[in-house]
There are 2 protein chains.
Amino acid sequence: MARSPQKPSAPASGNAVTADLVAVLVAVTDGSPKIVTIAGGSALPSGPFEFTHRSLQTALRAWVEAQTGHPLGYVEQLYTFADRGRSGDAKSPHSVSISYLGLTREDRVGEGFEAHWSGWYDYFPWEDHRAGAPACLAKVIAPKLKSWAKAASSPTLQRERWQRCTITFGLDDRDWNEELVLQRYELLWEASLIPEAGRAHNRDAPAVPGKPMTADHRRILATGIARLRAKIKYRPVVFELMPAEFTLLQLQRSVEALAGRLVHKQNFRRLIEQQELVEETGAMAADTVGRPAKLFRFRHAVLAERAVAGTKLPLSRT
Amino acid sequence: MARSPQKPSAPASGNAVTADLVAVLVAVTDGSPKIVTIAGGSALPSGPFEFTHRSLQTALRAWVEAQTGHPLGYVEQLYTFADRGRSGDAKSPHSVSISYLGLTREDRVGEGFEAHWSGWYDYFPWEDHRAGAPACLAKVIAPKLKSWAKAASSPTLQRERWQRCTITFGLDDRDWNEELVLQRYELLWEASLIPEAGRAHNRDAPAVPGKPMTADHRRILATGIARLRAKIKYRPVVFELMPAEFTLLQLQRSVEALAGRLVHKQNFRRLIEQQELVEETGAMAADTVGRPAKLFRFRHAVLAERAVAGTKLPLSRT
DNA sequence: CCATTTATACTCTCCTTGAGCATAAGATGG
DNA sequence: CCATCTTATGCTCAAGGAGAGTATAAATGG
């Protein structure tokens, strides 16, 4: 509105910033979702963005591949944050952090790198509902949220706070919605139950189980998990996380690991097969207990279509 | 992985950039979706990001409000692009453009500003399917895409190209998917049918109908439209675009305007009412043709819940 | 051979969704 | 006043999909 269209990005003095890339690199190894971490699991891999690349995404790929020695499969931008001098120095340069979600396989990471894998539920214990609602939800989180809600100034506000809690955490017999990862994290933050918040407002509620991370990295991770949980339901991205051949149960376990909830086995197979996403390899799985399962591979021909047109995955409610 | 977690955003030399904000500001006025443009409709409003604000979003709000004199309703980040010196000078400072989607009402823009409103279908004539598939699709776009597909080097590639075209544009009796706005734009770009691409590979296919924009602004707009079309189906964001009181038909027309396709009237009402998103004001619409309609308003109490838990909107297939 | 574990094939019911029919309540023109 | 047009609004119906359960098959380890 005020700017001239002739020079839409003419450099304005004084708004130079530093651009950082932060990556949420996900893999699933026998039923547990993992992410690449550095510094003993306390931070996500991040690095400065150099303008030697054509785009942000190619920069990210190049940088990740240089670190892990293996190519990334699916890559997707998550969110861009602005941080005023994180080091506390108000005059320090400001930075913009551009976060990405990337999918790989654990075995792809080369040896001799600082990076290693951490289970993502270490950071979000309340997000894993595969064996039912985690104990910490009812025992720790719900009571602390309740007292936070009660600490609001008016009865109306109290009710609103508690309603938000019940919706996002599935309390009071509400359904658990596995996609609200970020909303849950932000609610906990608001209630001062997250160490990263660094506020001591609420003395009887200092922190909830779950490993903290540097700066806003856990928030970025929450964004990534939320995005992935939403995406697997309508885009065939699980593929990027699977080995070349797999059984339908392995596929199901991977989906369940990501979604943090169980799936009705028969319905899962029905959906997978009717969408013609996979085909039999002819071989059977070895070294299994029980009746051996057929091995499948993804039909890459269909992938192109589904990548744009969409897929479906069933996630049961109970 | 290589970086020390102690200083996750320590300023690296040589990666300083300029940060710009670009906004897709949407309103709907009697059935046409509009966006704020500058420079005679050839650019989206954009401005430098100053670090005087706590976050990118507050910066955007402040800046938009300063320009239009009115507050923004819903705001959502779209995508972050990196551009190496757009002016063509390889040594010019690089910039990062952070784009946002914002919802308002047309009447909210103050007088005396450079900004004005443009219909968004001016830029994407092929996206409006309310009166059936636009003529330009079959007459201009499909043939040009077909010859682009045929220009591929191998028969396999030719088939793949054409399959992409049929999927994204709903050709060959496929269903039209209104959410693939960005994919369609990128396909046209790839086929050199977009003037902004600035490539003359394809001599018999220079440009398709639709007003161009500066730099990658039309791509950003496509991103915004796609996001909004997807969002109205599961989040009650249409609200931000409606006046305080409205009839159900007006609401339906707004949804149709955004989605670019028609909705079954009775089913639309069924869904809206069963979700209890609206309530009667008691008054009736004046100055109408036909039987007068009840006026409704949004139930803000429900909004909080739906904002997180989701809504549904029907978009018929025929 | 039996218990256990997993694979795989069907079935059943409920709910949603798309779509159509019918009627009501106004305005307008003869 | 009536015919007709336009929009509003109520109701029904059929097809498909989603969730959940039953039954049977094929392996393993005692």
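Just above, that's the structure.
These lines cover the structure that appears in this document, whether it is placed above or below. Source: prediction; values computed, not measured. (Residues numbered from 1 in each chain as written. Chains lettered and ligands numbered in written order. Predicted model: local features only at pLDDT ≥ 70, side-chain atom pairs only at ≥ 80, totals over all residues.)

1. What to know about the overall build of chain A
Then, in step 1: When helices and strands are counted, chain A shows eight helices and eight strands.
Then, in step 2: Sorting the 318 residues of chain A into buried and exposed places 39% on the buried side.
Then, in step 3: Taking the contacts inside chain A whose residues are at least 6 apart along the sequence as the reference set, 64% of them involve residues at least 24 apart. (Helix = DSSP H or I, 4+ residues; strand = E, 2+ residues; numbered from the N terminus. Buried ≥ 20, exposed ≤ 12 C-beta atoms within 10 Å, placed from the backbone. Contact = placed C-beta atoms within 7 Å.)

2. Details of the packing of helix 2 (residues 135–150) of chain B against helix 3 (residues 155–169) of chain B
Residues and elements named next belong to chain B.
Then, in step 1: Contact geometry of helix 2 with helix 3 gives a least axis separation of 8 Å together with a crossing angle of 155 degrees. As judged from the angle between their axes, helix 2 and helix 3 are roughly antiparallel. Helix-helix and strand crossings are classified by hand; for helix 2 and helix 3 the assignment is right-handed. Each of L137, I141, L145, K146, W148, A149 and K150 in helix 2 lies in contact with helix 3, whose residues at this interface are Q158, R161, W162, C165 and F169.
Then, in step 2: Of the residues in the contact of helix 2 with helix 3, the class split is eight nonpolar, one polar and three charged. (Axes fitted to C-alpha atoms, helices over the stretch in contact; angles between N-to-C directions. Parallel < 35°, antiparallel > 145°, perpendicular 65-115°, else oblique. Left-handed = near helix turned anticlockwise from the far one by under 90°. Nonpolar A, V, L, I, M, F, W, Y, C, P; charged D, E, K, R; others polar.)

3. Here we look at the nonpolar core
Then, in step 1: Core analysis: the biggest nonpolar cluster contains 144 residues, and A:V24 and B:V24 have the highest contact counts within it.
Then, in step 2: Leave out the neighbours within four places in its chain, and B:V24 touches B:I35, B:L44, B:L78, B:S99, B:Y100, B:L101, B:G102, B:I220, B:L221 and B:G224. (Core = buried A, V, L, I, M, F, W, Y, C linked by C-beta atoms within 7 Å.)

4. A word on the environment of A:P155
Then, in step 1: Checked against the element boundaries, A:P155 lands in helix 3 (residues 155–169).
Then, in step 2: Remark: the alpha-carbon pair of A:P155 and A:D128, spanning 27 residues in sequence, is separated by 33 Å.

5. Digging into helix 4 (residues 181–190) of chain B
Residues and elements named next belong to chain B.
Then, in step 1: Within helix 4 the residues assigned to the buried category are V181, R184, Y185, L187 and L188. For helix 4, the arc enclosing every buried residue in end-on projection is 160 degrees, short of the 170-degree limit, so these residues lie on one face.
Then, in step 2: Immediately beyond the C-terminal end of helix 4, within one or two residues, lies S192, with a positive phi of roughly 60 degrees. (Arc of directions from axis to C-beta.)

6. Considerations on the packing of helix 3 of chain A against helix 4 (residues 181–190) of chain A
Residues and elements named next belong to chain A.
Then, in step 1: Following both chains from N to C, one finds helix 3 and helix 4 inclined at 145 degrees, their axes separated by 9 Å at the closest point. Considering how the two elements wind past one another, helix 3 and helix 4 form a crossing that is left-handed. Only Q183, R184 and L187 of helix 4 make contact with helix 3, whose side of the interface consists of R164, C165, T168 and F169.
Then, in step 2: Here the contact of helix 3 with helix 4 is composed, by residue class, of three nonpolar, two polar and two charged.

7. Considerations on unusual backbone geometry
Then, in step 1: Look at A:E276: it is not a glycine, yet its phi comes out positive at around 55 degrees.
Then, in step 2: By the element assignment, A:E276 lies in the loop between helix 7 (265–274) and strand 7 (278–284).
Then, in step 3: Taking the number of C-beta atoms within 10 Å as the measure of exposure, A:E276 has 12 and is therefore exposed.
Then, in step 4: We note that B:A39 has phi near 55 degrees; this positive angle belongs to a residue other than glycine.
Then, in step 5: Summarising the element assignment, B:A39 is placed in the loop between strand 2 (32–37) and strand 3 (46–48).
Then, in step 6: Classification of B:A39 by C-beta neighbours within 10 Å gives partly exposed; the count is 19.

8. Topic: helix 6 (residues 248–259) of chain B
Residues and elements named next belong to chain B.
Then, in step 1: Taking 1.5 Å per residue, twelve residues should reach 16 Å; helix 6 reaches 16 Å between its end C-alpha atoms and fits that length.
Then, in step 2: Listed as buried for helix 6 are L251, Q252, S254, V255, E256, A257, L258 and A259.
Then, in step 3: Phi for G260, located one or two positions after helix 6, is positive at around 75 degrees. (Expected span 1.5 Å × (residues − 1).)

9. Side note on the environment of A:R227
Residue and element names in this part refer to chain A.
Then, in step 1: Positionally, R227 belongs in helix 5 (residues 217–231).
Then, in step 2: With 48 residues separating them along the chain, R227 and E179 place their C-alpha atoms 7.7 Å apart.
Then, in step 3: With residues up to four places along the chain from it excluded, the contact list for R227 reads E76, L78 and L101.

10. Some thoughts on the environment of A:W176
Residue and element names in this part refer to chain A.
Then, in step 1: Structurally, W176 is set in the loop between helix 3 and helix 4.
Then, in step 2: For W176, a count of 17 C-beta atoms within 10 Å translates into the label partly exposed.
Then, in step 3: Along the primary structure W176 and R218 are separated by 42 residues, whereas in three dimensions their C-alpha atoms are 21 Å apart.

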